Protein chains: 6
Amino acid sequence: MKTKEFYSMPEKTNENSLLASAQASLDKAARMLNLDPNIYAMLKTNERTLTVSLPVEMDDGHVEVFTGYRVQHTTARGPGKGGIRYHPAVTQEEVAALAQLMTWKCSLVNVPFSGAKGGVSVNPRQLSENELRRLTRRYTYAISPIIGPKTDIPAPDMNTDEKTMTWITDTYSMIKGESSGEIVTGKPVSLGGSVGRINATGLGVAIAAEQALLRNGCELNKCTAVVQGFGNVGTWSARHIADRGLKIVGISDISGGYYNPKGLNVDEMVTYVKQSDTRSLEGYSAPGVESINNEELLSLPCDVLVPAAMENQIRSDNANK
Amino acid sequence: MKTKEFYSMPEKTNENSLLASAQASLDKAARMLNLDPNIYAMLKTNERTLTVSLPVEMDDGHVEVFTGYRVQHTTARGPGKGGIRYHPAVTQEEVAALAQLMTWKCSLVNVPFSGAKGGVSVNPRQLSENELRRLTRRYTYAISPIIGPKTDIPAPDMNTDEKTMTWITDTYSMIKGESSGEIVTGKPVSLGGSVGRINATGLGVAIAAEQALLRNGCELNKCTAVVQGFGNVGTWSARHIADRGLKIVGISDISGGYYNPKGLNVDEMVTYVKQSDTRSLEGYSAPGVESINNEELLSLPCDVLVPAAMENQIRSDNANK
Amino acid sequence: MKTKEFYSMPEKTNENSLLASAQASLDKAARMLNLDPNIYAMLKTNERTLTVSLPVEMDDGHVEVFTGYRVQHTTARGPGKGGIRYHPAVTQEEVAALAQLMTWKCSLVNVPFSGAKGGVSVNPRQLSENELRRLTRRYTYAISPIIGPKTDIPAPDMNTDEKTMTWITDTYSMIKGESSGEIVTGKPVSLGGSVGRINATGLGVAIAAEQALLRNGCELNKCTAVVQGFGNVGTWSARHIADRGLKIVGISDISGGYYNPKGLNVDEMVTYVKQSDTRSLEGYSAPGVESINNEELLSLPCDVLVPAAMENQIRSDNANK
Amino acid sequence: MKTKEFYSMPEKTNENSLLASAQASLDKAARMLNLDPNIYAMLKTNERTLTVSLPVEMDDGHVEVFTGYRVQHTTARGPGKGGIRYHPAVTQEEVAALAQLMTWKCSLVNVPFSGAKGGVSVNPRQLSENELRRLTRRYTYAISPIIGPKTDIPAPDMNTDEKTMTWITDTYSMIKGESSGEIVTGKPVSLGGSVGRINATGLGVAIAAEQALLRNGCELNKCTAVVQGFGNVGTWSARHIADRGLKIVGISDISGGYYNPKGLNVDEMVTYVKQSDTRSLEGYSAPGVESINNEELLSLPCDVLVPAAMENQIRSDNANK
Amino acid sequence: MKTKEFYSMPEKTNENSLLASAQASLDKAARMLNLDPNIYAMLKTNERTLTVSLPVEMDDGHVEVFTGYRVQHTTARGPGKGGIRYHPAVTQEEVAALAQLMTWKCSLVNVPFSGAKGGVSVNPRQLSENELRRLTRRYTYAISPIIGPKTDIPAPDMNTDEKTMTWITDTYSMIKGESSGEIVTGKPVSLGGSVGRINATGLGVAIAAEQALLRNGCELNKCTAVVQGFGNVGTWSARHIADRGLKIVGISDISGGYYNPKGLNVDEMVTYVKQSDTRSLEGYSAPGVESINNEELLSLPCDVLVPAAMENQIRSDNANK
Amino acid sequence: MKTKEFYSMPEKTNENSLLASAQASLDKAARMLNLDPNIYAMLKTNERTLTVSLPVEMDDGHVEVFTGYRVQHTTARGPGKGGIRYHPAVTQEEVAALAQLMTWKCSLVNVPFSGAKGGVSVNPRQLSENELRRLTRRYTYAISPIIGPKTDIPAPDMNTDEKTMTWITDTYSMIKGESSGEIVTGKPVSLGGSVGRINATGLGVAIAAEQALLRNGCELNKCTAVVQGFGNVGTWSARHIADRGLKIVGISDISGGYYNPKGLNVDEMVTYVKQSDTRSLEGYSAPGVESINNEELLSLPCDVLVPAAMENQIRSDNANK
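Residues numbered from 1 in each chain as written. Chains lettered and ligands numbered in written order. Predicted model: local features only at pLDDT ≥ 70, side-chain atom pairs only at ≥ 80, totals over all residues. Heavy atoms only, no water.

## Focus: the interface of chain B and chain A
Facing 21 residues of chain B, the contacting portion of chain A comprises 21 residues. For the pair chain B and chain A, the summed buried area comes to about 1800 Å², and 52% of that belongs to carbon and sulfur atoms. Counting every contact that joins chain B to chain A gives zero salt bridges. Counting across the chain B and chain A interface gives 11 residue pairs in polar contact (both at pLDDT 80 or more). (Contact = heavy atoms within 4.5 Å. Buried area = accessible area lost by both parts, 1.4 Å probe. Salt bridge = Lys/Arg side-chain N within 4 Å of Asp/Glu carboxyl O. Polar contact = N/O pair within 3.5 Å; in protein donor to acceptor, adjacent residues only side chain to side chain.)

## Concerning the side chain of H73 of chain C
All names here are of chain C. Relative to the assigned elements, H73 resides in the loop between strand 2 (63–72) and strand 3 (80–87). Here T103 takes part through its side chain, which lies 2.7 Å from a polar atom of the side chain of H73. Apart from residues lying up to four places away in sequence, H73 is in contact with L43, T45, N46, E47, A99, Q100, T103, W104, G115 and A116. (Helix = DSSP H or I, 4+ residues; strand = E, 2+ residues; numbered from the N terminus.)

## Considerations on the relation of the copies chain B and chain A
Of the two same-sequence chains, chain B is brought onto chain A (RMSD 0.1 Å, axial shift 0.1 Å) by a rotation of 180 degrees. Taken together, the rotation angle and the small translation identify this as a two-fold axis. Of the C-alpha atoms belonging to chain B, the one lying closest to the rotation axis is found on L50 of chain B, 2.3 Å away. Both copies present the same face, since 100% of the interface residues in chain B are matched by interface residues at the equivalent positions in chain A. (Least-squares fit on C-alpha atoms with pLDDT ≥ 70 in both.)

## Some points on the state of the cysteines
On inspection of all chains with the given rule, the structure shows zero disulfides over all chains. No disulfide involves C218 of chain A; its sulfur sits 4.5 Å from that of C223 of chain A, the nearest cysteine. (Disulfide = S-S within 2.5 Å.)

## Regarding the sheet that holds strand 3 (residues 80–87) of chain E
Pairing between sheet strands relies on hydrogen bonds along the backbone, with the strands arranged either parallel or antiparallel. A sheet is described by the order of its strands in space; here 10 strands give the open sequence 5(C)-3(C)-4(C)-2(C)-1(C)-1(E)-2(E)-4(E)-3(E)-5(E), paired in mixed fashion. The open sheet has two edge strands with one neighbour each: strand 5 (152–156) of chain C together with strand 5 (152–156) of chain E. Recorded for the sheet is a direction-independent mean angle of 20 degrees between the axes of neighbouring strands. (Pairing = 2+ DSSP bridges. Axes fitted to C-alpha atoms, helices over the stretch in contact; angles between N-to-C directions.)

## Quick notes on the domain arrangement of chain A
Often the size quoted for an interface is simply the accessible area lost on bringing the parts together. Assigned domains within chain A: domain 1 (45–191) and domain 2 (200–307). Just the C-alpha atoms count here: the centres of domain 1 of chain A and domain 2 of chain A sit 29 Å apart. (Domains from an automatic or database assignment.)

## So, helix 4 (residues 129–143) of chain E
Between its first and last C-alpha atoms helix 4 of chain E spans 21 Å; for 15 residues at 1.5 Å apiece the expected length is 21 Å, and the two agree. Among all positions of helix 4 of chain E, only E131, L132, L135, T136, Y139, T140, Y141, A142 and I143 of chain E are buried. (Expected span 1.5 Å × (residues − 1). Buried < 20%, exposed > 50% of the residue type's maximum accessible area, 1.4 Å probe, protein only.)

## Thoughts on a nonpolar patch on the surface
All names here are of chain C. Taken together, the side chains of L108, V109 and V111 define a hydrophobic patch exposed on the protein surface, amounting to about 310 Å² of accessible area. Structurally, V111 can be placed in the loop between helix 3 (92–108) and strand 4 (114–121). Relative accessible area serves as the criterion here: at 30%, V111 is assigned to the partly exposed category. (Patch = residues over 30% accessible without salt bridge, like charges linked within 9 Å, V, L, I, M, F, W, Y side chains within 5 Å. Areas by Shrake-Rupley, 256 points an atom, 1.4 Å probe, with all protein chains shown as cover.)

## Some points on the packing of helix 1 (residues 18–33) of chain F against helix 3 (residues 92–108) of chain F
Residues and elements named next belong to chain F. It is the contact of helix 1 with helix 3, at a shortest axis distance of 8 Å, that shows an interaxial angle of 30 degrees. Relative to helix 3, the element helix 1 lies roughly parallel. In terms of crossing hand, the pair formed by helix 1 and helix 3 is left-handed. Here L18, L19, A22, Q23 and L26 of helix 1 come into contact with helix 3, specifically with E93, E94, A96, A97, L98, Q100, L101 and W104. Its residues assigned to classes, the contact of helix 1 with helix 3 shows nine nonpolar, two polar and two charged. (Parallel < 35°, antiparallel > 145°, perpendicular 65-115°, else oblique. Left-handed = near helix turned anticlockwise from the far one by under 90°. Nonpolar A, V, L, I, M, F, W, Y, C, P; charged D, E, K, R; others polar.)

## Overview of the sheet that holds strand 10 (residues 304–307) of chain E
All names here are of chain E. As summarised here, the arrangement of the five strands in space is 9-8-7-6-10, forming an open sheet in which the pairing is mixed. Unpaired on one side and paired on the other, strand 9 (290–292) and strand 10 mark the two borders of the sheet. Recorded for the sheet is a direction-independent mean angle of 20 degrees between the axes of neighbouring strands. Looking at chain direction, strand 6 (residues 224–228) and strand 7 (residues 247–253) are connected through five bridges and run parallel. Bridge assignment links T224 to a residue of strand 7, and that residue is K247. Here helix 7 (residues 232–243) sits on the sheet in contact with strand 6, strand 7 and strand 10, set at roughly 175 degrees to strand 7.

## A closer look at the pattern of salt bridges
In this structure the tally under the stated criterion is 78 salt bridges over all chains. Two residues, R70 of chain B and D152 of chain B, come together in a salt bridge whose shortest N-O distance is 2.7 Å. You can see R70 of chain B sitting in strand 2 (residues 63–72) and its partner D152 of chain B sitting in strand 5 (residues 152–156), a full 82 residues away along the chain. Judged on exposure class, the residue R70 of chain B and its partner D152 of chain B are both buried. Of the charged contacts in the structure, one is a salt bridge between R137 of chain F and D170 of chain F, with a shortest N-O distance of 2.8 Å. You can see R137 of chain F sitting in helix 4 (residues 129–143) and its partner D170 of chain F sitting in helix 5 (residues 162–176), a full 33 residues away along the chain. D170 of chain F sits in the partly exposed class, given a relative accessible area of 35%. Connected through shared salt-bridge partners, R85, E94, K117 and D157 of chain A make up one network.

## Comments concerning the interface of chain F and chain C
Opposite the seven residues of chain F that make contact, chain C presents seven residues. For the pair chain F and chain C, the summed buried surface comes to about 610 Å²; carbon and sulfur atoms form 49% of the total. On the chain F side of the interface with chain C, the three residues burying the most area are Y141, M174 and I175 of chain F, jointly 66% of the side's total. Our count for the chain F to chain C interface comes out at two salt bridges.

## Section: the packing of aromatic side chains
Here the distance between the centres and the angle between the planes together describe a pair of aromatic rings. All names here are of chain A. Taken as a whole and assessed by the stated rule, the structure comprises 12 aromatic pairs over all chains. Ring centres of Y258 and Y284 lie 6.0 Å apart, and the angle between their planes is 75 degrees; this geometry places the pair in the edge-to-face category. With Y258 in strand 8 (residues 256–259) and Y284 in the loop between helix 8 (266–275) and strand 9 (290–292), the pair connects residues that are 26 residues apart, well separated along the chain. The buried category is assigned to Y284, whose relative accessible area is 6%. Ring pairing ties together the aromatic residues Y258, Y272 and Y284, which thus form one cluster. Positioned over the ring face of W236 is R239, at 4.9 Å from the centre of the ring. (Phe/Tyr/Trp six-rings, centres within 6.5 Å; stacked < 30°, edge-to-face > 60°. Lys NZ or Arg CZ within 6 Å of the ring centre and 35° of its normal.)

What follows is the structure, encoded as structure tokens:
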């Protein structure tokens, strides 16, 4: 199906390497721009990569040592900007790739920030809240020499949220001895965070999809959408797309895919997840809803496919399905 | 030959991995000490690893981007301490291994410093002095957030020397806006460096060899020595060992090995290198001196073998020769 | 009269203790909110209390040592915020109580500041302007380690004004070596102060009174008001209340009370004070104006009673009069 | 011609001394204001004058040492503000005079800044771009202890521009270790500079001339103007004045004066300069355009004379012509 | 007994007030020195008193809020110097008194430090080691704006020791981002502490006692001593006094007094305490040892009485016994 | 007389210009050393010259504005080092010359400092102690951005002494918020100053004179000396020279010269000055002592002439007398 390609990423040979993909995009752009080789040489590397080991006292008293990263791709456009990801698959290479992508994102919307990214290799579902708090405070301390309101400003990303940003703010403020709310974006509104931040990404996805369809002459209420992933981005994308009149025919999360050609009830599914022990759609059922697997979901006929899970889900081997 | 083993490192399977070797040493020591698992977990990782990209304007005007590292193994014993190496084979892993080894070195001689190490992946022989200066100043700027007299204090290592330390001192002093000679050791004596620093490592090697031989009941003037490598450590080791009465029967450097069972003239060879265009022993000849290759050199019969080239020259596959 | 109670503070047994009163309010609120005991434990103490001794060279050359305070109740909501009071009755306990009240004030109007307060135990009427300047500069120096634009921001309070804030700004700027106008609010407009700041408190009192009366179905031009205190807050409250049509029947200051059931001429009284040597209403008389004492004033029949003198004037023993 | 005097400076005896002129203006103002002698004593001196020597490696490898200045007239109104001039005639005295004038300028338009100025005694036309860059970076480093976003904020002036400001920003940001775009005004818009900054001075000149003529009852399209100097200020003044309907009858630059009583084509002349090797009007000719010298230009009959070259062009000896 | 008075403090009326006692000493000294009243006015107050509330997460998860203090009597002689005491009886007044006494102590031995003192009102025997660690880290954070190697340097005092100093050093070093061992004295020798620090106070007591006796013509091995208190100071005083030949006839601690006219075995008693669950002499018995109470102990006939418990044990009401 | 030339400075044409003299010395040395022109270009300028205006409140309440200087010749050898001079003849040029001379002085004795110097153009005899204190504190504040223990360390010079250094230390310490005794040398011993500092210069003069005479084969007790100037350097030079057996035949100060071919009584003359109202030798007489003027004094026959007044007293026009 053709419309899927609107949001797909460029082909690459090694489907596991986000960095290779990012580099390939840069190469392609550099060729098209006839970019100064000196500038190109600087853009294809990351200016600063900090890797830290994070000893954390676990609830049972033993010390677990995690590995964390903070990468700044460049400082040319202003302070670094980019989220912090907690995920077992986080590696130095992945964080490096994401930092580069942040430079292009900031440039596209012309905000005075440079690309940066952080992450900790950890499965946050296996840690208690107190352990997560201690991990976050230690990580903040460890990267504190290279972050700052005028240096590099973290934000939430996969598995980090307002609470994580509050812990970072508090730790950084204690180190600096002053109230430093400007060290992160994505704080709670009550602590100075921006109104509308939580659903911003999903809203952006919906607006982009809406514009793409309209420019292709589609009628929104005759279109269908499939959303892969049902975390923050996925749920808000689904809601805002549904608000625009599209029928959401497929949604997936860690528990599998859910398909209803007559349209899924997004609000009901959001409520289901909130009340679920597993914080997932596991066990969700409703009249007309059929369980499918992730591969089937990605191949569903639809006008809009929203890849809101991890990066690199749409690849050369499945892009044309 | 048995005496070679005095200075050899423990066996390991992958001869290219200094890090694996360092980790194996730690593991062995931890088992012997019955070390607290929490302490062990912290010691087996590096607290902070900073990787930086270093754009340098070359003499012909184009920009070359090098990669540099600074690794701090721990901060438990005081500020970090460790040299900066310029070598094409420098990698993040190698620097990490060397940083760990510095912790053990500082602990053994009980100075209040923790282990650290730095390096740049560059072949300094291919750069002009001006290019080396610009590279060093950029590297210093790039790692400046994590070094400091009370944080981490660099020193010379392979292919870096007093001049490099002067450039680092000047760059760091300009960033801080004050005279900061204490940012490095290994400065020129005229800028506050320590007297005797240049030959200190070689002198230490000679003293250790002397003591080992004496404790084994050897007569020094009946002993022979082979020195692999003829840089700062190799030349001074050879000189101080010869001063103690031993016969230096073999010396090697990048140009190959030189063997004279009646004893080489160390001072003459030092002078030869100084006057040579290649800054090596290439083309050196003298009565009784025979050219051999590096493998032959390492297998020469001798009472003392000084491995003063790169790390990991004596391995399980050649240790018993 | 019932309407007095709109502005009265809660009953307490020890009429001299503002701190006890503040604590009682917190206790009551905590019970109503079923507040987390851990949060309550933190809120009932002051995070930081700095007491400083202030040697000041007096005009005759001898040194007088005053005692100053700066209290930060919490830093949870952002930088501390609160005035600096010069009064002989200032004590550590009083400043502590006022700091706590500032937290509730900042929270009620939802500005991102936490409660703080400062004070010096001094009778400013006994000091020359030069002595006051030297006292203020010394006090600023003494508390400078814990104040700052992102830490704690002073403001005028009883017996301090724009001039005091200018001295604080200049002293703080000299210590920091940079223009730091943001260290205080309440600066002169010409130095970056906010327009409308001087009459802001009085205007707020008038608006609150107006709204309370209107919500109780009163006609403003049939209502009467009594204003206790005729400093910055009292004069502007009286003016703005009179502007809204109410009749000001009683006003008091340090010289006693002035009563006119047909309404006092507020502007005339303001002018009188400005031209008076004692900077008070002492000696003021006008047709129909009767002298009364403070107790009589507080018992005057009226619809609005503005307690614009010191805290704790309306207590369990006189609240019902 | 009378209208020339609108923009002329006060008479003074020594035509070479801008400082004497500035001091005379202050004296005159002080007398009219009956200024407090203590304030006057402070205003007639410069608070801080920093003179630095600037060793710069030239393209041929030798070191040239230039002299630079940064003068802060006062800090009373906020951070210093003033341009940086590159010109062979720059002296400590001239920079001092210009710093004082900046205080009056900032005060007149009531922005919270104090007067400052900087300069380097250098003929920038004799330096390559790389040499200018190295000079600017060294100058920035040398004055960095006394400039800053809250201390003193440079800007472009004669022979410095957006590129110079970018070098200053980058150098200052590297010293501070953070993105410090606020260290200068006059940056490129893409790095956070203000839109409209480039033509702001010329636009101001045109608006002032327009208002002066209108208030004197003139019809704009019957008026003539002469512009001395054709750099940034001169070209934009000429353009904006021409836009208002005036006829530009004379323009001069380093190559001499150009006169056309029927009006010069400003846009054509701007284009000519851009394409010229000498970056001047040298060799410019057009029908009706007559070459004159600078003295003749200053004596041309006109309603508006714009002195947009160096200071002190209109003096007691030529003001009445 | 006369010799007791060597170490007694001056008479005062309120036996509970150490501050009154300290002030009385100052008054007396000032009268004797005919001290400049301006200096006296400054010396009789404490320059800076910081009171902090310390929320600590207890092992059971609830938050306990403790109160801590740091007082700097003066900064005239150099950085502040003084211990940190953990005791339930710690008050702002007591810490203030101890800070003043530190000024006199530093002056007497002419070290370039001024008097300071700190304390937390807590019974450390009721806290686990983890709770004590969290308390100490929070206390260090809270006082960090006013301590520092060049500002004020803490040390151990009652109930704080090498471990406490290590926690303070680590917390302060993390806040500052550098190894700051110089923030405290009394660190473990392995972290840079001074050799001989642990028994220094006791050794000083023994030397002072020895000198006092010798100057009074006593023979040491015919003298007897009584030691009140058996903590760090008491045990080392007893040991060093016994080493000098005196007979220790009485020792007391929290469990009561122990009397043996033939001499107590100090080493045996030290060992007993180390192995005791209560870390006291409770239950100690030996041939010839008699249990007495504290009052009896203070009235024992002896040549030397060492008051090594809390301050103010020897008062006007018991000094002559 | 020949021996005078030991201490004389090189010839120069303009006897008023110390800077020309210093530059000439550098030129001569550079020629002799065949100095690298790039190094020479840097050494012949002063790296940093700060000129500050110093508003001071005089005892009668009016503000006097003084001009102060701090010049750093270079930073190549370490922090700047040089005295602060209070004298009406102080100019930017003179301070610049003295700063250069300090570089050579520090180099000659091989201490790790660079040359610097400061001064205020003021006649300190016309100021009260309070006015001097306020001047010194303002001067310290004004130069504080460029001085520091690792940047530039002032010391006493003409008309400044231990008291001045104490004021500087206190002002600098207050700005930095910490005890910064290392900001100056020449403090009182009680505040950490060096023992022997007061008479160090004079002692050095005496030792140098002694060695010069001995190397010329003279017998010390047959030699005579003349001392021009009787301030700190002059009195201590005279004392230490007399201690070595020489006869002091001439001494001068502001009041004129005193000559006794049989030798002057130095101690008596020192005592005379201390007890004199004019703090000079004015009115001094003793048997055999003859009054002469300064020119006569400089022409007295002697073996050693000590020029301990201002610089440039021995010139081409009087050197041979």
